Amino acid sequence: MQHPRPELPVYSRDQDQDRLLAIVGLITFILWLSLRPHRPRIFLNDFSVPALGQGSGGPENAQINFKVTARNSNQGIGIYYDASQVTVYYGEKSVGGHQVLTPFYQQPKNSTMFASVLSGSSLTVTGSQWKHMMNDRSRGPVIFRVELTSTIRFKISSWNSKRHRMHANCPVGVGYDGLLLPVYMDKRCPVYFS
């Protein structure tokens, strides 16, 4: 008695092409996931308004000290930063700002600190803003916002991406002594592109 021969599946040329396309698509997706650049991570490390802590003087004696860290968490992808600008807001009004770094390149898996002092012409606190800050200080924390802006490009091997306008907004609060409150220290700031 003869056993029937099992039938071999018949593949068409279209099925082979579909499988090949699916494999190429999967490889492309995996490469895209591994090479897709991540935005820099921005952290507020320190912020102080010493004159607020002293409770004396006015805006003419004020200064703002701050430190911000930008981390490139990408593996194998560097970041070019054009000149970076920091602006400090009280409420919705700017109270000062200036350029903090000249253009530079940040290696993969690296951190760069932006540290500066706003005073004199870079600090534009008005008398009424100072009065409001002193009133806020007597009731609790004084809330500011630090905005870091820069134009960045990603460097993947020898290829550079197009320019992206990066914005990082860091809410910050200082206590009665004019120093950064612990709850805001080393906090990651939201980052978006425009």
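Not measured: the values here are computed from a predicted model.

1. Looking at the sheet that holds strand β2 (residues 64-72)
Spatially, the 4 strands line up as an open sheet ordered β7-β2-β1-β11, and their pairing is antiparallel. The open sheet has two edge strands with one neighbour each: β7 (110-118) and β11 (187-189). Between one strand and the next, the sheet's axes are offset by a mean angle of 30°, whatever the strand orientation. The pairing of strand β1 (residues 41-48) with β2 spans 7 bridges and is classified as antiparallel. Residue pairing for β2: Asp 46 is matched across the bridge by Lys 67.

2. Comments concerning the pattern of salt bridges
On inspection of all chains with the given rule, the structure shows 2 salt bridges. For Arg 163, the salt bridge is made with Asp 82, and the minimal N-O distance between the two is 3.3 Å. Separated by 81 residues along the polypeptide, Arg 163 in the loop between β9 (159-160) and β10 (164-174) and Asp 82 in the loop between β3 (77-81) and β4 (84-90) bring together distant segments of the chain. Across the pair Arg 139 and Asp 136 runs a salt bridge whose closest N-O atoms are separated by 2.8 Å. Placement of the pair is Arg 139 and Asp 136 together in helix α3 (residues 127-139), with a separation of 3 residues, close to one helical turn. The class of Arg 139 is exposed, set by a relative accessible area of 65%.

3. Quick look at the environment of Tyr 90
Of note, Tyr 90 is situated in strand β4. Along the primary structure Tyr 90 and His 132 are separated by 42 residues, whereas in three dimensions their C-alpha atoms are 9.6 Å apart. With residues up to four places along the chain from it excluded, the contact list for Tyr 90 reads Val 95, Gln 129, His 132, Met 133, Asp 136, Val 142, Ile 143 and Phe 144. Of the polar contacts made by the side chain of Tyr 90, one reaches the backbone nitrogen of Met 133; its length is 3.4 Å.

4. Digging into the state of the cysteines
In protein structure, a disulfide is the covalent linkage between the sulfur atoms of two cysteines. For the coordinates displayed, the defined rule picks out 1 disulfide. The disulfide bridge from Cys 170 ends at Cys 189, spanning 2.0 Å between sulfur atoms. On the sign convention where negative means left-handed, the S-S torsion of about 115° between Cys 170 and Cys 189 marks this disulfide as right-handed. Of this pair, Cys 170 sits in strand β10 while Cys 189 is found in strand β11, placing the two residues 19 residues apart along the sequence. Each of the two residues, Cys 170 as well as Cys 189, counts as buried.

Each value, and the rule that gives it
- Residues numbered from 1 in each chain as written.
- Predicted model: local features only at pLDDT ≥ 70, side-chain atom pairs only at ≥ 80, totals over all residues.
- Heavy atoms only, no water.
- Pairing = 2+ DSSP bridges.
- Helix = DSSP H or I, 4+ residues; strand = E, 2+ residues; numbered from the N terminus.
- Axes fitted to C-alpha atoms, helices over the stretch in contact; angles between N-to-C directions.
- Salt bridge = Lys/Arg side-chain N within 4 Å of Asp/Glu carboxyl O.
- Buried < 20%, exposed > 50% of the residue type's maximum accessible area, 1.4 Å probe, protein only.
- Contact = heavy atoms within 4.5 Å.
- Polar contact = N/O pair within 3.5 Å; in protein donor to acceptor, adjacent residues only side chain to side chain.
- Disulfide = S-S within 2.5 Å.

No statement about biological role is implied by the geometric values presented.
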